[in-house]
Amino acid sequence: MPAGEAFSARQEQDIAKAIATAEQQSGLKFSVYVGSVEGDLHAQAVRLHRQLADADSAVLVVVDPRRNQLQIVTGVDAKRRVDDRAAGLAAAAMASTFAVGDLAGGIVNGLGSLMEHAQKAPVLHADQP
Amino acid sequence: MKPPTTPEARTRRALRAAALGSLAAVPLLLASPAFALHRDAGDDPGPGMSAVATILVYIGIPAAIFCVIALLVLAPSIARGNRYRPHQLSWWAAPVWFGGPRDERGDTADRALTGTSLKELTAYSEAQTEGGASARW
């Protein structure tokens, strides 16, 4: 693999800050993997997700810039806060930013979108006065 | 194009042709001394330029200006280094894992894709049902 940094120091800071903010606001754990992944992206993303310290409440975003594909994996607990529909929206938002060549911006946007969905507390007894 | 039928149309057409013709003719008329075959009294054309000087002035200087402008345009991206372009189907950078298992900066990424076998993994994911979504661009 040819050498080179995927992100500038500034972009790395932005992503790290977005992760920190998202974790702070939602209480979930966020992780972003950027690199080429061999084989089935979903399976590999789940494998990476399993390696995370607190996998059940973790949300992992795997971005493969070579194949133009991304995968979001939500842990068992995280799934209750970020359902598949919310993850799909975030994935679409990221993909549309990646498509214009902005990797770091897309990741920051996607994390923001995931965070917003995770923030929403489930409404209980909504049908009662 | 249809030929002009009414007299008004014909006049308009003639005026338009005259205006366009004068646009081309006026600079040529003003530059008439350049076409002079006989020297006027008192003019001093000076010695002609040598071939080297001509090339320097009319090719060298424009080329230099071109290079400077090209450099100014390209310098920021050269300084920034390689960058991601969609639909290039190549990726040059080492994997980065933000918020990975151990490191905040992704130094553990290289050993990321070794470990659990795929069979264990599918068994695990079926039992635990992680959620998620995917997208392509």
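The structure under discussion appears in the preceding block.
Criteria and thresholds
- Residues numbered from 1 in each chain as written.
- Chains lettered and ligands numbered in written order.
- Predicted model: local features only at pLDDT ≥ 70, side-chain atom pairs only at ≥ 80, totals over all residues.
- Heavy atoms only, no water.
- Contact = heavy atoms within 4.5 Å.
- Salt bridge = Lys/Arg side-chain N within 4 Å of Asp/Glu carboxyl O.
- Polar contact = N/O pair within 3.5 Å; in protein donor to acceptor, adjacent residues only side chain to side chain.
- Helix = DSSP H or I, 4+ residues; strand = E, 2+ residues; numbered from the N terminus.
- Nonpolar A, V, L, I, M, F, W, Y, C, P; charged D, E, K, R; others polar.
- Pairing = 2+ DSSP bridges.
- Buried < 20%, exposed > 50% of the residue type's maximum accessible area, 1.4 Å probe, protein only.
- Right-handed = clockwise from strand over helix to strand, strands pointing away.

Draft legend 1. Inspection of the interface of chain B and chain A at higher detail. Chain B puts 39 residues into the contact, and the matching count from chain A is 54 residues. At the boundary of chain B with chain A, the tally comes to zero salt bridges. Summed over the shared surface of chain B and chain A, the result is 12 residue pairs in polar contact (both at pLDDT 80 or more). Sorting elements by how many residues they give to the side of chain B that touches chain A places strand E2 (residues 131–136) of chain B first, with six residues. The residue makeup of the side of chain B that touches chain A, split by class, is 21 nonpolar, 13 polar and five charged. In this sheet, strand E1 (residues 96–98) of chain B lies alongside strand E1 (residues 29–34) of chain A in antiparallel orientation, the contact comprising three bridges. In the sheet register, Tyr 33 of chain A faces E1 of chain B, and the bridge partner there is Trp 97 of chain B.

Draft legend 2. Spotlight on the pattern of salt bridges. Residue and element names in this part refer to chain A. Overall, the coordinates contain four salt bridges over all chains when judged by the stated rule. Lys 29 serves as the salt-bridge partner of Glu 23, at 3.7 Å between the closest nitrogen and oxygen. A salt bridge links Asp 64 to Arg 67, with the nearest nitrogen and oxygen atoms 3.2 Å apart. With a relative accessible area of 0%, Asp 64 lands in the buried category. Under the relative-accessibility criterion, Arg 67 is labelled partly exposed at 26%.

Draft legend 3. Representation of the pairing of strand E2 (residues 58–64) of chain A within the structure. Residues and elements named next belong to chain A. Counting buried positions along E2 yields seven of seven residues, so the element is predominantly enclosed. Residues Ala 58, Leu 60, Val 62 and Asp 64 line one face of E2 and the alternating positions Val 59, Val 61 and Val 63 line the opposite face, and both faces are buried. Where E1 lies against E2, six bridges are found, and the strand directions are parallel. Within E2, the residue paired with Val 32 across the bridge is Val 61. Regarding topology, helix H2 (residues 41–50) serves as the crossover connection from E1 to the parallel E2, and that connection is right-handed. Here six bridges tie E2 to strand E3 (residues 69–74), and the two strands are oriented antiparallel to one another. Bridged to Leu 60 within E3 is Val 73.

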